[in-house]
Structures are given as structure tokens and as C-alpha cells.
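As a plain string of letters, each chain reads:
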Amino acid sequence: MSSFRTVRGMRDFLPEDAEKMRCVQRVARDVAQLYGYQEVITPVVEQYDLLAAKTGEEIRERMYAFKDLSGRKVALRPEFTASIARLVATKMMTQPKPLKLFCEGSLYRYDEPQYGRHREFWQVNYELMGSDRPEADAEILTLTYDLMEKLSLRDYHFKIGHMGILRGILGQEHVKEEQQSMLMQLLDKKRWNEALKAAQGLGVSNHCLTVLKNVFETWGKDAVKVLGKAKSLVEGYENAVAAIENLKEILELTRASGAKFEMLVEAGFARGLEYYTGMIFEVFVPRIDVALGGGGRYDKLIELFGGEPTPAVGVAPGIDRIVLAMEKQGIFAEAQRAKRVQIIPVKEELRVKAMEIASALRQAGIPAELEVMGRRVSRALADADRRGITHVVVVGPKEIEEGKVVLRDMQKREQKTVEIANVSKEILGETA
Ligand code: HAM
């Protein structure tokens with residue numbers, strides 16, 4: 001048989017890459033715990049109609065959709081929010097609110113593979129359900145900020161807007177919801193002129209076209225200024241004014257909570273997913289032009305899936321792109337100074353002693369690997385160097401007789417003879 005390759009857009013994760021991904025997941029899980037989000041696990045395969053309902057044209061067209069062997073139309077999940085909304089609507093409606101749910105896993109979109117864009121990718125996902133209050137939106141923003149900080153990412157900014165601004169204007173102009181969603185898709189792609197033409201085609205007033213054009217041009221880092229200007233622009237469009245006031249309150253609360261991220265507030269910001277009803281945002285870092293994560297408020301989805309009316313807000317940071325950003329910023333290189341010890345017995349008779357020392361180190365929480373290839377010390381040292389081992393414990397006959405071993409610091413290229421009882425302290429740098 002000819003040699004097989006991975007399918008286009010799919011990737012293998014070799015140990016170094018897998019470790020980076022797990023590292024982000026570990027931090028994300030810690031953040032979930034700190035904020036009181038409980039994990040749920042939902043299936044990769046869902047009914048097509050569920051996933052397609054409000055996902056937006058772009059993702060809908062790129063779903064891995066197929067009929068299973070019983071002829072059911074199913075798809076691989078392109079995101080988590082629809083599944084979580086289904087889960088809550090069908091199984092958790094009686095649970096006390098708010099519901100705070102966390103999940104992580106792989107998602108599938110038939111996107112054109114390119115930098116930061118894959119057909120199988122990973123997200124962590126946080127959903128806060130049951131509250132329509134601005135402090136819930138502020139919590140999702142603050143949580144996302146905390147995640148970025150705990151990952152040691154630098155120079156990131158949040159692009160923030162509110163779906164209620166554009167939908168408020170268009171709704172008052174009697175543009176139907178599906179048509180509004182079509183315009184949002186164009187705006188999500190920054191195709192402002194086409195959106196204006198399409199709005200004109202839908203029969204909106206000339207005044208509305210002027211307002212929309214001005215709204216698209218209203219953005220900046222100073223939230224108070226941007227929102228002040230946007231509010232005067234949309235005067236007369238009641239729901240749009242209310243949306244701006246809501247966003248102002250959310251951002252004030254977020255700031256008050258101590259989240260110090262840079263904001264880019266855009267009055268005409270839209271996201272492709274159709275379920276958003278309120279605040280929306282995305283996170284960016286310099287030199288990567290795709291978002292690291294995105295989220296927002298969606299107050300109607302759970303109801304649409306048969307649950308009680310349940311307002312909700314959430315975020316999905318994308319692990320693959322976070323890893324790219326951390327690589328670019330050299331964050332993994334800094335973290336890789338973690339201790340990794342190898343224990344090398346000089347002779348076969350010292351294998352048991354070496355195993356004892358390895359387990360004692362592990363007991364002390366130090367990652368310890370035994371030399372299992374029967375290599376001579378010089379070759380074993382060269383191998384340890386190549387594999388990024390930070391310390392080597394050489395178990396030799398002369399030293400063992402005195403209850404000692406040779407401890408070699410692979411980075412400093414220094415070695416000394418130490419008491420076996422002191423090896424872990426030496427490695428951890430805890431000796432006087
Ligand atoms: P989204 O903006 O479609 O939102 O995706 C969130 C993140 O997933 C993106 O910012 C990106 O990091 C990652 N992502 C998306 N597509 C790809 C891809 N093809 N390759 C690599 N990474 C990708 C959602 O999925 C919403 N469910 C977020 C949400 C949760 N809203 C409310 N709650």
C-alpha cells in the first residue's frame with residue numbers, strides 16, 4: 001500500500017506540539033475553576049439542523065455534514081455553543097441559575113487551510129447562562145482577560161461592539177432578521193460598501209444609509225468617546241441607543257473589575273454567527289491577523305432549542321491560535337526551563353538503586369526518567385542533552401558506597417557529588 005498522509009487540513013500533534021496544546025488547556029481549566037465554571041462533555045456528532053440553525057451562512061456552508069448509516073442528517077460540530085444550548089434546553093432547565101459551563105475539544109470547519117486556520121481545531125469554551133445583566137457580560141470579558149494574562153500573552157487587544165446597534169437600526173427600518181443576518185455576514189468580512197448597497201436594496205431610508213455609513217466609521221480606543229459619538233449618530237433608533245448604553249455599562253464594570261486590556265471599540269462591528277444579540281468581542285495580538293478568540297451575548301438560542309427563555313453570554317478562545325501567539329512571543333521557550341531529570345546507572349548492578357532514586361524524585365514532584373536503553377554514560381549524557389534534560393543523576397559504584405551520586409546540571413555543564421538524600425533539594429535549588 002502506498003504511504004498514507006493526514007487528510008488536508010488535519011494535523012498530527014507530535015509530543016512538543018501536544019504539550020503546548022495541553023499547557024493552554026491546563027491554564028484554561030484553572031481559569032474555569034477559579035470562576036466556578038463546571039465542565040460538560042458533548043458529542044462531536046450532532047444533528048445537522050441543530051448546528052445549522054443559527055451558525056451563520058459561512059460556517060453552515062463549511063460544515064462536515066453527512067448522512068449516517070441510518071440516513072440521519074448529522075454533522076461534526078463547528079463550534080460548541082449550539083451543543084451547550086441544546087444540552088441546557090433539554091437537560092438542565094431546572095438547575096439553579098446562573099449556569100456556568102466549561103468545555104473543551106475539537107471542532108470541524110471545512111475552511112481553506114492557511115496560517116492559523118485548520119479544518120480540525122481546538123477551543124476552550126465558557127458559557128454563562130441565565131443572566132441578562134451587564135455584570136455577566138463583564139465577567140466573560142474579565143475571564144478572557146485573566147486567561148490571556150495567565151498564559152503570559154502580551155500586547156493583546158479586545159475588539160468590542162454590540163449586535164444591538166446594527167440590528168436596532170435595521171429592525172426599526174423593517175429589515176427582516178434573516179436579511180439583517182445576511183448584512184452581518186458582509187460586515188463580518190469588512191465588506192462595508194457591499195453591505196450599504198445591500199441595505200439600500202432592502203429599501204432602508206436614505207437617513208438610515210447615512211447613519212450606517214457613519215456608524216461603520218466610528219471606532220477607536222477611547223470607549224467613552226466612541227460610544228458618545230455612536231449614541232449621537234443613532235439618535236431616534238431606540239434599540240440602538242439602548243445597545244450603546246448597555247455596552248457602556250458593560251465596559252465600565254469590566255474596567256472597575258481591574259481588567260486592564262486595550263480595547264478597540266467598533267460601533268459597526270459584526271460577527272458571522274447569527275445567534276448574537278448583544279455585546280460581541282474578539283481578541284487579537286500583533287502579527288497574527290486572525291482572532292485568538294471570540295464571544296458574545298446570545299439571548300434567544302436556548303429558547304429556540306425548546307428551553308425556557310434564558311439569556312446567555314460566552315466566549316471560545318481558540319487553542320491553536322493561542323499556541324501560535326505564544327510561540328511568536330517566545331512564551332514556551334521561557335516556560336521550558338521546567339526541571340527534567342534523567343537517572344543513569346553506570347553498571348547493570350546499579351539499576352535497582354537508580355530506580356529507587358527515580359521514584360524518590362517523583363515522590364518529591366520532580367519529573368524523573370530512568371535510562372532504559374542500557375547506554376554507556378557518555379552516550380546517555382549526549383542523548384539527555386539532545387532531549388532537553390535539565391539534570392542528570394549518575395549512579396556510580398564509588399559514590400553509592402558513600403551514599404552519594406553525581407548530579408550534573410546540563411545547562412551549566414557543571415557537576416558535583418551530593419548525598420542521595422539531598423538530590424531533590426539540590427535540583428530544586430533549595431540548598432543553602
Ligand atoms: P468563533 O469566532 O467562530 O466563535 O471561534 C472562536 C475561535 O475559534 C476563533 O477566534 C479561533 O481562535 C478559533 N477558530 C475558529 N475557526 C478556526 C479554524 N478554522 N482554525 C483554527 N482556529 C479556529 C465561536 O465558535 C463561538 N461559539 C464563540 C462563543 C461562545 N460565543 C458565545 N459563546
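Going along each chain's sequence as written, the residues are numbered from 1 onward. Thresholds applied to this predicted model are a pLDDT of at least 70 for local features of residues and 80 or more for the giving and counting of side-chain atom pairs; totals over whole chains, interfaces and linings are not thresholded and use all residues. The side-chain values count all of the structure's non-hydrogen atoms but skip hydrogen atoms and water molecules.

Chemist: Pulling in residues and values, what's your account of the sheet that holds strand β3 (residues 65-67)?
Modeler: Strands qualify as paired when DSSP identifies two bridges or more between them. For the purposes of this entry, the term helix denotes a DSSP run of H or I that reaches at least four residues, the term strand denotes a run of E that reaches at least two, and both are numbered from the N terminus. Ordered by their spatial adjacency, three strands build an open sheet running β2-β4-β3, and the pairing between neighbours is antiparallel. In this open sheet, the two edge strands, each paired with only one partner strand, are β2 (45-47) and β3. Adjacent strand axes in the sheet meet at a mean angle of 40° when their direction is disregarded. By the bridge criterion, three bridges tie β2 to strand β4 (residues 73-76) in an arrangement that is antiparallel. From the neighbouring strand, Glu46 faces β4, where its bridge partner is Ala75. Fitted lines through C-alpha atoms serve as axes, helices being fitted only where they are in contact, and the angles separating the N-to-C directions of these axes extend from 0 to 180 degrees.

Chemist: So what's going on with the sheet that holds strand β7 (residues 157-162)? Which residues, and what values?
Modeler: Strand order in the open sheet formed by nine strands is β1-β5-β6-β12-β11-β10-β7-β9-β8, and the pairing between neighbours is mixed. A single partner strand is all that each edge strand has here, and the edge strands are β1 (38-39) and β8 (219-220). As judged from the six bridges shared by β7 and strand β10 (residues 279-285), these two strands associate in the antiparallel manner. Pairing of His157 across the sheet is with Phe284, part of β10.

Chemist: Tell me about helix α6 (residues 163-172), and please be specific about residues and values.
Modeler: An α-helix turns once every 3.6 residues. As a result, residues three or four positions apart point the same way. Partly exposed describes any residue whose relative accessible area lies between the buried limit of under 20% and the exposed limit of over 50%, with all areas from a 1.4 Å probe on protein chains only and scaled to the type maximum. Judged by how many residues are buried, α6 sits mostly within the fold: eight of 10 residues are covered. Directly after α6, the chain includes His174, whose backbone phi takes a positive value near 65°.

Chemist: If you had to explain empty space enclosed by the protein to someone new, which residues and values would you point to?
Modeler: Detection works on a 1 Å grid of protein atoms alone, calling trapped sets that fit a 1.4 Å probe cavities and calling open sets with protein on both sides within 12 Å along at least five of seven lines pockets, with lining residues defined by an atom within 4 Å of a point. Grid points are joined across faces, edges and corners, and a volume is the space filled by probe spheres set on the points. Scanning the entire structure with this criterion turns up two cavities of 30 Å³ or more. Size it by volume and the largest cavity reaches roughly 50 Å³. If you trace the largest cavity, you find it lined by Leu166, Leu170, Leu183, Met184, Leu187, Ala195, Leu196, Ala199, Leu212 and Phe216. Of all the secondary structure elements, the ones that give two or more residues to the lining of the largest cavity are α6, α7 (177-188), α8 (192-201) and α9 (206-216). All residues other than Ala, Val, Leu, Ile, Met, Phe, Trp, Tyr, Cys, Pro, Asp, Glu, Lys and Arg, Gly among them, are scored as polar; the first ten of these are nonpolar and the last four charged. Tallied by class, residues from the lining of the largest cavity come to 10 nonpolar, no polar and no charged. Around the second largest cavity, the lining residues are Leu50, Leu51, Ala53, Lys54, Thr55, Glu79, Ala82, Tyr275, Leu301 and Phe305. Here the residues of the lining of the second largest cavity sort into seven nonpolar, one polar and two charged.

Chemist: Please provide a residue-by-residue account of the packing of aromatic side chains, values included.
Modeler: Only Phe, Tyr and Trp rings are paired, with Trp represented by its six-membered ring, and only when their centres lie within 6.5 Å; those with planes under 30 degrees apart are stacked, over 60 edge-to-face, the remainder tilted. This structure, assessed with the given rule, holds 11 aromatic pairs. Aromatic pair Tyr37 and Tyr126: ring centres 5.9 Å apart, planes at 85°, arrangement edge-to-face. Of this pair, Tyr37 sits in the loop between α1 (15-34) and β1 while Tyr126 is found in strand β6 (residues 120-129), placing the two residues 89 residues apart along the sequence. Note on Tyr37: relative accessible area 5%, which makes it buried. We classify Tyr126 as buried; its relative accessible area is 0%. Taken together, the ring pairs connect Tyr145, Tyr156, Phe158, Phe261 and Phe281 into an aromatic cluster.

Chemist: Describe the site of the ligand, and please don't skip the residues or the numbers.
Modeler: Residues are labelled near a given molecule or strand when at least one of their non-hydrogen atoms is within 4 Å of it. Contacts to the ligand come from 27 residues, most closely from Glu79, Thr81, Asp111, His118 and Tyr276. One of the side-chain nitrogen or oxygen atoms of Glu127 is found 3.0 Å away from a nitrogen atom of the ligand. Contact distances for the ligand include 3.2 Å between an oxygen atom and a backbone N or O atom of Gly293. Method for areas: the Shrake-Rupley scheme with a 1.4 Å probe, in which residue coverage is limited to the protein chains shown. Out of a free accessible area of 660 Å², the ligand has 96% covered by protein chains. Here a polar contact is taken to be a pair of N or O atoms separated by no more than 3.5 Å, where protein atoms must pair a possible hydrogen donor with a possible acceptor and residues adjacent in sequence count only if both atoms sit in side chains.

Chemist: Report on unusual backbone geometry, specifying residues and quantitative values.
Modeler: Residue Pro98 is reached from Lys97 by a cis peptide bond, and omega for that bond is 0°. Counting through the fold element by element, Pro98 comes out in the loop between α4 (81-91) and β5 (99-108). Phi angles above zero are rare outside glycine, and Ser152 is one such case at about 65°. Secondary-structure assignment places Ser152 in the loop between α5 (134-150) and β7.

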